[in-house]
Amino acid sequence: MTHRIGYIVGSISSTSINRRLASALVKLAPEGVELVEIPISGLGFYSPDHDAAYPPEAIAFKKAIDDVDGVLIVTPEYSRSIPGVLKNALDWAARPYGQGSFNGKPTAIIGGSGGGVGTAAAQQHLRAILGHYNAVTMGQPEGFIQITPGLIADDGTVTVPSTAEFLAGFLQAFDLMISRVEAARRHA
Ligand SMILES: Cc1cc2nc3c(=O)[nH]c(=O)nc-3n(C[C@H](O)[C@H](O)[C@H](O)COP(=O)(O)O)c2cc1C
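Predicted model only: the values in this text are computed from it and were never measured.

## A few points about the overall build of the chain
- Looking only at helices and strands, one finds 5 helices and 6 strands in the chain.
- Ordered by position from N to C terminus, the α and β elements of the chain give β-α-β-α-β-α-β-α-β-β-α.
- Taken over C-alpha atoms, the radius of gyration comes to 16 Å for the chain, in line with the 16 Å a tight globule of 188 residues would show.
- Along the three orthogonal principal directions, the C-alpha set of the chain runs to about 50 × 40 × 25 Å.
- Within the chain, the proportion of its 188 residues that are buried is 48%.
- Taking as baseline every contact in the chain between residues at least 6 positions apart, the subset at least 24 positions apart corresponds to 81%.
- Here the chain contributes 14 positively and 17 negatively charged side chains, and the mean placements of these two sets differ by 3 Å.

## Topic: the site of the ligand
- Lining the immediate environment of the ligand, one finds Ser11, Ser13, Ser16, Ile17, Asn18, Pro76, Glu77, Tyr78, Ser79, Arg80, Ser113 and Gly118.
- With respect to the ligand, the side chain of Asn18 contributes an N or O atom lying 2.8 Å from an oxygen atom.
- Among the residues forming the shell around the ligand, the class breakdown is 3 nonpolar, 7 polar and 2 charged.

## Some remarks on the pairing of strand S4 (residues 106-113)
- For S4, a buried count of 8 out of 8 residues is recorded, marking the element as mostly surrounded by other parts of the structure.
- Covered by surrounding structure in S4 are Pro106, Ala108, Ile110 and Gly112 together with Thr107, Ile109, Gly111 and Ser113, the residues of both alternating faces.
- Here strand S3 (residues 70-74) runs beside S4; their pairing, made up of 4 bridges, is parallel. Across the sheet, the residue bridging to Ile73 is Ile109, located in S4.
- Handedness of the S3-helix H3 (residues 84-94)-S4 crossover: right-handed.
- Relative to strand S5 (residues 136-137), S4 runs parallel, the two being bridged by 2 bridges. Note on S5: the bridge partner recorded for Thr107 is Thr137.

## Concerning helix H2 (residues 56-66)
- Those residues of H2 lying buried are Ala58, Phe61, Lys62 and Ile65. Considered in projection along H2, the buried side chains sweep an arc of 90° and stay on one side of the axis. In H2, the exposed positions that point more than 90 degrees away from the buried face belong to Pro56 and Asp66.
- Buried residues along H2 sit against strand S1 (3-9), S3 and H3.

## Considerations on the environment of Phe144
- Note that Phe144 resides in strand S6 (residues 143-146).
- Residues Phe144 and Leu167, spaced 23 residues apart in sequence, show a C-alpha to C-alpha distance of 11 Å.
- In this view, Phe144 contacts Gly111, Gly118, Thr119, Ala120 and Gln123; residues no more than four positions away in its chain are not counted.

## Notes on the packing of aromatic side chains
- Across all of its chains, the model carries 4 aromatic pairs by this definition.
- Relative to Tyr133, the ring of Phe102 lies with its centre 5.9 Å away and its plane at 25°, an arrangement referred to as stacked. Of this pair, Phe102 sits in the loop between H3 and S4 while Tyr133 sits in the loop between helix H4 (120-132) and S5, and the two are 31 residues apart along the sequence.
- Overall, Phe102 belongs to the buried group, its relative accessible area being 1%.
- Classification of Tyr133 by relative accessible area gives buried; the value is 13%.
- With centroids separated by 6.4 Å and ring planes inclined at 45°, the aromatic side chains of Phe166 and Phe170 adopt a geometry described as tilted. Of this pair, Phe166 and Phe170 are both found in helix H5 (residues 161-186), 4 residues apart, which corresponds to roughly one turn of the helix.
- Judged by its relative accessible area of 0%, Phe170 is buried.
- By way of ring pairs, the aromatic residues Tyr46, Tyr54 and Trp92 are connected into one cluster.

Reading the values: rules and limits
- Residues numbered from 1 in each chain as written.
- Predicted model: local features only at pLDDT ≥ 70, side-chain atom pairs only at ≥ 80, totals over all residues.
- Heavy atoms only, no water.
- Helix = DSSP H or I, 4+ residues; strand = E, 2+ residues; numbered from the N terminus.
- Rg over C-alpha atoms; globule rule 2.2 N^0.38 Å.
- Buried < 20%, exposed > 50% of the residue type's maximum accessible area, 1.4 Å probe, protein only.
- Contact = heavy atoms within 4.5 Å.
- Lys, Arg positive; Asp, Glu negative; His and termini not counted.
- Charge placed at Lys NZ, Arg CZ, Asp CG, Glu CD.
- Near = heavy atom within 4 Å.
- Polar contact = N/O pair within 3.5 Å; in protein donor to acceptor, adjacent residues only side chain to side chain.
- Nonpolar A, V, L, I, M, F, W, Y, C, P; charged D, E, K, R; others polar.
- Pairing = 2+ DSSP bridges.
- Right-handed = clockwise from strand over helix to strand, strands pointing away.
- Arc of directions from axis to C-beta.
- Phe/Tyr/Trp six-rings, centres within 6.5 Å; stacked < 30°, edge-to-face > 60°.

Below you can see the structure in the form of structure tokens.
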């Protein structure tokens, strides 16, 4: 079975190391898994004023989430939480009330930073948000990736075999989790 996984990069930095991490994951996708980006940089600020008539870019964002089998969030940590641009995107996805895009959605989280423990705090905040959305969030493996210079080449190649193996295994685990969620739905 083929799964389409939509990935959201929680950084709009032109030099984002998390975008680099996402490019590595795209390259390492196992057979039967396709990774497609769900971009967030075109979204304006969310406000409930938009609930009555979402703008086209927000409609497209929610549809992109609907159209994939699972969502992978690749995010940096900002000030021990997630970046505002990611939270803003998630707020768009959560509304209008009762139409949350993450309800029942298989979701996984991974993040990269230059430091050793970076993104652990952000990921815990993100898990709380996704729990509120009733997303089905993968618990393990957790992915706190220390992105040292040269770890991921410009073309997305991971230069350290153990890291490449971990990232490929992370995607395999998410693919398996999506299959299990789908099987559970079929038998519900
Ligand atoms: C506003 C701001 C806050 C940050 N806060 C943290 C933090 O709390 N923990 C951390 O590990 N790194 C933090 N950093 C450093 C980021 O990990 C680093 O800038 C990283 O490259 C961001 O990811 P990106 O390149 O994908 O945008 C922060 C960076 C910025 C700009």
